[in-house]
Amino acid sequence: MGTAPDPLLDALRACVGAPHVLAPDAPTAELEPYERDWRGRQRGRARAVVRPGSTAEVAAVVRACAAAGAAIVPQGGNTGLVLGGVPDSSGTEVLLCTRRLNRIRALDAANLTLTLEAGCVLQTAQQAAANAGLWLPLSLASEGSCTIGGNLATNAGGTQVLRFGNARDLCLGLEVVCPDGAIWNGLGGLRKDNTGYDLRHLYIGSEGTLGILTAATLKLQPQAAAQGCAWVGVPSLEAALALLALAQRQLGPGLSGFELMGQLALQLVAQHLPTLRPPLWQQWPYCVLIELSESAAPEQAHALVQTRLQALLQASLEQGCAGDAVLAETLAQAQRLWHIRECIPLAQAQEGLNAKHDISLPISRIPAFCAEAEALLAQALPGARLVNFGHLGDGNLHYNVQCPAGADAAAFLRQHEAHINALVFDCVQRHGGSISAEHGIGTLRAATLPRYKDAQALALMRQIKQALDPQGLLNPGRVLVRA
Ligand code: FAD
C-alpha cells in the first residue's frame, strides 16, 4: 500500500524547482549525506531535503514550512559534532541545505571585508580572500567542507582564535531569513554601529534555532608576509603553560597559534596515518605547536620569523619548559606540522567511537582540572584512554575518552558514556569552565545544558526563542530541550 502524497513536497518543489527537493523515498545514497551526521552517530529521517539557491528561495521555503507547521533543520557542510544539523528520526522535519547558496557577493579590499553567501565552503572563502592578497583568519580542520553559515551558526573557533577571536569576532554583518519568511538584511561592513540592539550577535552561535543565515560580511586581514612553526616536546602541562606565557611575552601579537597535543593523540596519528610521522611524541607526554605570523616587509619576514622562533626555543629550553623542539625551516614543513595536528580527529575516528568533550577552562586551571579528571576516570574506568588535545592558548581542550585498548568501543560507550560525561562536566564546573567551547550544544548536549548553565541565562534564552520563533519551527530541540 503506498503512502499518501505529501502536499508540502509539491509546495517545496514550487519554491526551488523539483531537482532540488529530495522526497523520503529517494535512494538512500542520495539522502544519507544529509541525514547522517559526520561522526556517524545518528541517521535521521527527513520529511524532505530542500536545497534553495537564493535568499528569496530560502524565504519561500520557510513560508511554505510555516504554513504547513513543519519544523526546519538548517544544514551547511554537515560537519557539526553535536547533532544540531541532522534531522531526528520522526520523519517530520524538513532539512534545508544551504550549499547552493554559495556566491561571493563582494570583496571590498579598501574596507577589508568579504560579503558572501552562507553556503560558501570556508576554504573557498579563504581562497577568495587570498586571491585579493588578503587573509580570512578562520581555520578549522573541517574547512574543506564546513560552510560560512555553519561557522557563524556555531560561532566556530579553530586555530586562529588566539589572535583573531572566534567566528563571531570576524563577522560585521548578516542577512537572515526569519521563521515567518521575512528577510533581515544586516549586511553592513561597518566596524562601528551603535544604533540599538546588535542583532547579529543573537544569531551568531544560535545553531539555527532563531533564523536561517543566508549571507554574511566578514572582516579580512592583510596577508601575513611570513608564518613559521615550531613543534615542541614538553615535560608536563605546567611546562606547556609556562611556555605559553613565555611565547606571549616574546612573540607578542605575532603569536597566532598555540596547540596542545597529548601523547595518545599523537600515537593514534602515528598508528593510523603512519606517513605523517609526528615528531617527538614518544619522548614527551605533550607536544605543542607554536605558530608565529609576521607582517614585516616580505623580503625580511621569513628570516625574522625564524630568528624570533629560535630565540623562543632557546629560552624555553634554558628555562626547562621545553624538552626538545623542531623548527620548520620552510612553509611546506610548517604546513606538514599543522597537517599532523589537524589529522588528530581523523586518527581518533579511525580508532573507534569515543566520548568527546569540547570544554573550556580558565587557562590557569587546566593542569589542576586534568589531574583531577584523570584520577577520577582512572578510578571509575580502569584502562580507559584519554585523548587530550586542543587550543591551549584559548583554554580549549578536546578531552576525549576512548575505550580500553582492544575493547568494543560501541559497547563501552553504551554502558559508560553518561557516567563519563557527568564525571568530566562536573569536574569542568568545579574548575569554572564551560561544557562547550566551540562545537555548540545541538541535541547532543541539550538535555545536559540545564545542569551546568545558569538558570536565569536559560530563562532569558527561552524568552528570546519564544519571541523570535513563536511557533518553535526552527531547529526544535536543539540547544534548548523542547518545553
Ligand atoms: P553544520 O554541521 O551543517 O551545522 C552546524 C549547526 O549550524 C547546526 O545546528 C545547523 O542547524 C546550523 N546551521 C548550519 N548552517 C546554518 C545556516 N546557514 N543558518 C542557520 N543555522 C545553520 N569546530 C570548531 O569550532 N573548531 C574546530 O577546530 C573544529 N574542528 C573540526 C574538525 C573536524 C574534522 C570536524 C569534522 C569538525 C570540526 N569542527 C570544529 C566542527 C564543525 O566543523 C564546525 O562546527 C562548523 O562550524 C560547522 O559548519 P557546517 O557548515 O558543517 O555546519
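Located above this text is the structure these notes cover.
Described in the following lines is the structure provided in the data block. (Residues numbered from 1 in each chain as written. Predicted model: local features only at pLDDT ≥ 70, side-chain atom pairs only at ≥ 80, totals over all residues. Heavy atoms only, no water.)

Taken together, 35 residues surround the ligand, and among them Pro74, Thr79, Gly80, Ser142 and Thr147 come closest. Contact between the ligand and proline 74: an oxygen atom at 2.6 Å from a main-chain N or O atom of the residue. Threonine 154 has a polar side-chain atom sitting 3.0 Å from an oxygen atom of the ligand. Considered on its own, the ligand offers 970 Å² of accessible surface; in the complex 96% of this is hidden by protein. Of all the secondary structure elements, the ones that give two or more residues to the shell around the ligand are β3 (72-75), α5 (148-153) and β10 (212-219). The dominant element in the shell around the ligand, judged by the number of residues it contributes, is α5, at 4 residues. Taken together, the residues of the shell around the ligand sort by class into 11 nonpolar, 22 polar and 2 charged. (Near = heavy atom within 4 Å. Polar contact = N/O pair within 3.5 Å; in protein donor to acceptor, adjacent residues only side chain to side chain. Areas by Shrake-Rupley, 256 points an atom, 1.4 Å probe, with all protein chains shown as cover. Helix = DSSP H or I, 4+ residues; strand = E, 2+ residues; numbered from the N terminus. Nonpolar A, V, L, I, M, F, W, Y, C, P; charged D, E, K, R; others polar.)

As a further point, take the state of the cysteines. Tallying each qualifying case throughout the model produces 0 disulfides. The structure places no disulfide on cysteine 15, whose sulfur is separated from the nearest cysteine sulfur, that of cysteine 65, by 7.9 Å. Take cysteine 146: it sits in no disulfide, and the sulfur closest to it among the cysteines is that of cysteine 120, at 12 Å. Residue cysteine 146 is classed as buried on the basis of its relative accessible area of 3%. (Disulfide = S-S within 2.5 Å. Buried < 20%, exposed > 50% of the residue type's maximum accessible area, 1.4 Å probe, protein only.)

The next subject is the pairing of strand β6 (residues 113-117). Burial of β6 is extensive: 5 of the 5 residues sit out of reach of the surface. Burial of β6 is two-sided: the residues Thr113, Thr115 and Glu117 facing one way and the residues Leu114 and Leu116 facing the other way are all buried. Of the strand pairs in this sheet, strand β5 (residues 104-108) and β6 are connected by 4 bridges, and their pairing is antiparallel. The residue of β6 that forms the bridge with isoleucine 104 is leucine 116. Count of turn residues in the β5/β6 antiparallel hairpin: 4 residues, of which leucine 112 carries a positive phi of about 55°. Of the pairings in the sheet, the one linking β6 to β10 comprises 5 bridges and is antiparallel in character. Among the inter-strand pairings, leucine 116 is bridged to a residue of β10, identified as alanine 216. (Pairing = 2+ DSSP bridges.)

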